[in-house]
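# Survey of secondary and tertiary structure
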Amino acid sequence: MKATGGCYCGALRYSIDGAAEAMLQCHCRECQYITGGNPNVAAVFALEDFRYISGEPSTFARSDLDTPVVRHFCSNCGTGIGSRSPSRPNSMIVKIGTFDDQSFFKPQVAIFTCDKQPYHHIAEGLPAFDKRVVKS
Ligand SMILES: [Zn+2]
Ligand SMILES: [Zn+2]
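As the structure is a computational prediction, the values presented were derived from the model and not from experiment.

### Points about the nonpolar core
Judged by nonpolar contacts, the single largest core of 17 residues is most densely connected at Tyr14, Ile16, Phe50, Tyr52, Ile81, Val94 and Phe99. Here valine 94 is in contact with Tyr14, Ile16, Val41, Ala42, Ala43, Phe45, Phe50, Ile81, Gly82 and Phe99, once residues within four sequence places are set aside. Residues Ala22, Leu24, Ala42 and Val44 belong to the second largest nonpolar core, which totals eleven residues.

Okay, here's the thing in structure tokens:
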């Protein structure tokens, strides 16, 4: 797929040329801070298929963790664009709300339901995992 997106103020813009490797909703406590409370919805792309075409993201990573997620965001408007995870070193995890056209998105899995809040919704039939998806 080809897709474009960016932050709320427009300073950061990106383009993607490649298929989503995964589409998910994450219920973890950390995502609740970033989203405002609800699960984070995101799609995973190969790092080489994602690039910023306007602006440079600011980044944040917790210094108290050995292998923290690196979060990309706009320093002007604060929109989180996505993150790089040490568990997926060759991927860019992109927040669905930043896409110009979100119609492609259909979550395949719910993860970190260990932190799920009572007001979170998981669609009927959606596979749900306590932590990450366990690969067999
Ligand atoms: Zn912005
Ligand atoms: Zn999360």
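Further notes follow.
### Remarks on the coordination of the zinc ion (ligand 2)
Coordination of the zinc ion (ligand 2) by the protein comes from Cys26 (SG), Cys28 (SG) and Cys31 (SG), over a distance range of 2.1 to 2.3 Å. One chain supplies every donor to the zinc ion (ligand 2), and in sequence these donors are spaced C-x1-C-x2-C. The pair formed by cysteine 26 and cysteine 31 is uniform in burial state, with each residue classed as buried.

### A word on the sheet that holds strand 6 (residues 58-60)
Strands belonging to one sheet form pairs held by backbone hydrogen bonds; the direction of such a pair is parallel or antiparallel. In spatial order, the strands read 6-7-8-9-4-3-10; together these seven strands make up an open sheet with mixed pairing. The two strands at the open ends of the sheet, each matched to only one other strand, are strand 6 and strand 10 (109-111). Each neighbouring strand pair of the sheet contributes to a mean axis angle of 30 degrees, computed without reference to strand direction. Inspection of the sheet shows strand 3 (residues 22-26) paired to strand 10 by three bridges, in the parallel sense. By the bridge assignment, glutamine 25 is partnered in strand 10 with alanine 110.

### Some words on the pairing of strand 2 (residues 13-17)
Across five bridges, strand 1 (residues 2-6) lies against strand 2 in antiparallel orientation. Bridge assignment links alanine 3 to a residue of strand 2, and that residue is isoleucine 16. In this structure, strand 2 lies alongside strand 5 (residues 50-54), joined through four bridges in antiparallel fashion. Its bridge partner lying in strand 5, serine 15 is registered against arginine 51.

### Describing the pattern of salt bridges
Tallied over the entire structure, the rule returns four salt bridges. Residue lysine 2 pairs with aspartate 17 through a salt bridge whose shortest N-O separation is 2.8 Å. Here aspartate 17 lies in strand 2 and lysine 2 lies in strand 1, a separation of 15 residues in the sequence. Lysine 2 gets classed as exposed once you look at its relative accessible area, which sits at 68%. A salt bridge links arginine 13 to aspartate 100; its shortest N-O distance comes to 2.7 Å. Of this pair, arginine 13 sits in strand 2 while aspartate 100 sits in the loop between strand 9 (88-95) and strand 10; the two residues are 87 residues apart in sequence, bridging distant segments of the chain. With relative accessibility at 26%, the residue arginine 13 sits in the partly exposed group. A relative accessible area of 47% places aspartate 100 in the partly exposed class. In the salt-bridge network here, residues are joined through shared partners; they are Glu30, Arg62 and Asp64.

### Points about the coordination of the zinc ion (ligand 1)
For the zinc ion (ligand 1), the protein coordination sphere consists of Cys7 (SG), Cys9 (SG), Cys74 (SG) and Cys77 (SG), at 2.3 to 2.4 Å. Classification of the site at the zinc ion (ligand 1) rests on its four donor atoms, whose angles at the metal span 105 to 114 degrees, yielding the label tetrahedral. Of note, the donors binding the zinc ion (ligand 1) are all from one chain and are spaced C-x1-C-x64-C-x2-C. Here cysteine 7 falls in the buried class, since its relative accessible area comes to 9%. Residue cysteine 9 is classed as partly exposed on the basis of its relative accessible area of 36%.

So, how was this worked out
- Residues numbered from 1 in each chain as written.
- Chains lettered and ligands numbered in written order.
- Predicted model: local features only at pLDDT ≥ 70, side-chain atom pairs only at ≥ 80, totals over all residues.
- Heavy atoms only, no water.
- Core = buried A, V, L, I, M, F, W, Y, C linked by side-chain atoms within 4.5 Å.
- Buried < 20%, exposed > 50% of the residue type's maximum accessible area, 1.4 Å probe, protein only.
- Contact = heavy atoms within 4.5 Å.
- Donors = N, O, S within 2.8 Å, 3.2 Å for Na, K, Ca; no water.
- Pairing = 2+ DSSP bridges.
- Helix = DSSP H or I, 4+ residues; strand = E, 2+ residues; numbered from the N terminus.
- Axes fitted to C-alpha atoms, helices over the stretch in contact; angles between N-to-C directions.
- Salt bridge = Lys/Arg side-chain N within 4 Å of Asp/Glu carboxyl O.
- Tetrahedral: all angles 85-135°; square planar, octahedral: opposite > 155°, others 65-115°.

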